[in-house]
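Examining the three-dimensional arrangement
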Amino acid sequence: VTERHEQQENAEKISKYDKDFYLYGARTYEMQGEYSQALSNYKKVLALEPNNYIVMNNISSMLIYLRSYEEAMRYARKALNIKKDYPSPLINIGIGYGYLGKVSESERYFQRALAIEPINHNALLNLGILYEKQNSLNKANECFIKLSDTGDVQGYLGRARIAEKQKKTADAISYYRMVLSTDSGDSQISNTARERL
């Protein structure tokens, strides 16, 4: 009995080590933009922990980057089946529908995420962009205002784009300057603001 117990403990240690190793690899690949490798590592973690809804959602995100929207939405739905009030898979489903051109479904999922977490940055950003693409500039601006009120630089950037589209040049300049004065750590955002100024 003791030997069997020791074998089980050793197997659990190996499993935990493997999980941590694959998670570290997945996150590293993800930060480097190597989404196929990240996906492979996340799937290895899921094989070790089949009910890990966070990993399911991470797989969904990688599949979105790889433009595999239907499969991404399947993994997001699996995550939701385990944790119904988890906003991230709702957002991924909304993004998937958006890329598939199903605007009303996309909007509905972003709204569901916001019903759970009213100031969810990803939901607000994606809903704002969805509205902006539909030329619903006032609705888009509402999302970007909520984002910028939290200090999110994407909110200022969105407000600047909307102001430009509404021919409010002075407002656009003001928002682009706010983007530059905020240390976002994202050089692409700063470069975009500089170019627009």
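These notes cover the structure that comes with them.

About the thresholds
Residues numbered from 1 in each chain as written. Predicted model: local features only at pLDDT ≥ 70, side-chain atom pairs only at ≥ 80, totals over all residues. Heavy atoms only, no water. Helix = DSSP H or I, 4+ residues; strand = E, 2+ residues; numbered from the N terminus. Buried < 20%, exposed > 50% of the residue type's maximum accessible area, 1.4 Å probe, protein only. Contact = heavy atoms within 4.5 Å. Lys, Arg positive; Asp, Glu negative; His and termini not counted. Charge placed at Lys NZ, Arg CZ, Asp CG, Glu CD. Core = buried A, V, L, I, M, F, W, Y, C linked by side-chain atoms within 4.5 Å. Salt bridge = Lys/Arg side-chain N within 4 Å of Asp/Glu carboxyl O. Axes fitted to C-alpha atoms, helices over the stretch in contact; angles between N-to-C directions. Parallel < 35°, antiparallel > 145°, perpendicular 65-115°, else oblique. Left-handed = near helix turned anticlockwise from the far one by under 90°. Nonpolar A, V, L, I, M, F, W, Y, C, P; charged D, E, K, R; others polar.

When helices and strands are tallied, the chain shows 11 helices and zero strands. For the chain, the α and β elements follow one another from N to C terminus as α-α-α-α-α-α-α-α-α-α-α. Overall size of the chain, expressed as C-alpha extent along the three principal axes, is 75 × 35 × 25 Å. In the chain, buried positions account for 40% of the 197 residues. Put simply, of all contacts in the chain between residues at least 6 apart along the chain, 38% involve residues at least 24 apart. One way to put it: in the chain the 27 positive side-chain charges average out to a point 7 Å from where the 24 negative ones average out.

Membership of the largest hydrophobic core comes to 41 residues, with the highest contact counts inside it found for Y42, V55, I59, I93 and L127. Looking at this core, the elements that each hand over two or more residues are α1 (2-31), α2 (35-48), α3 (53-65), α4 (69-82), α5 (87-99), α6 (103-116), α7 (121-133) and α8 (137-149). Broken down by element, this core gets its largest block of residues, seven residues, from α4. Counting residues in hydrophobic clusters, the runner-up holds 11 residues, among them Y156, A160, A163 and A193.

In this section: the pattern of salt bridges. Scanning the entire structure with this criterion turns up five salt bridges. A salt bridge links K19 to E49, with the nearest nitrogen and oxygen atoms 3.3 Å apart. With K19 in helix α1 and E49 in the loop between α2 and α3, this pair connects stretches of sequence that are 30 residues apart. Residue classification places E49 among the partly exposed positions, given a relative accessible area of 27%. For the salt bridge of R161 with E132, the shortest nitrogen-to-oxygen distance reads 2.8 Å.

Attention now goes to the packing of α4 against α5. Relative to each other, α4 and α5 sit at 160°, their axes nearing to 9 Å. The orientation of α4 with respect to α5, classified from their angle, is roughly antiparallel. Considering the relative orientation of α4 and α5, their crossing is left-handed. Residues Y69, M73, A76, R77, A79 and L80 of α4 touch α5, and the partners they reach there are P89, L90, N92, I93, G96, Y97 and Y99. In the contact of α4 with α5, the residues fall into 10 nonpolar, two polar and one charged.

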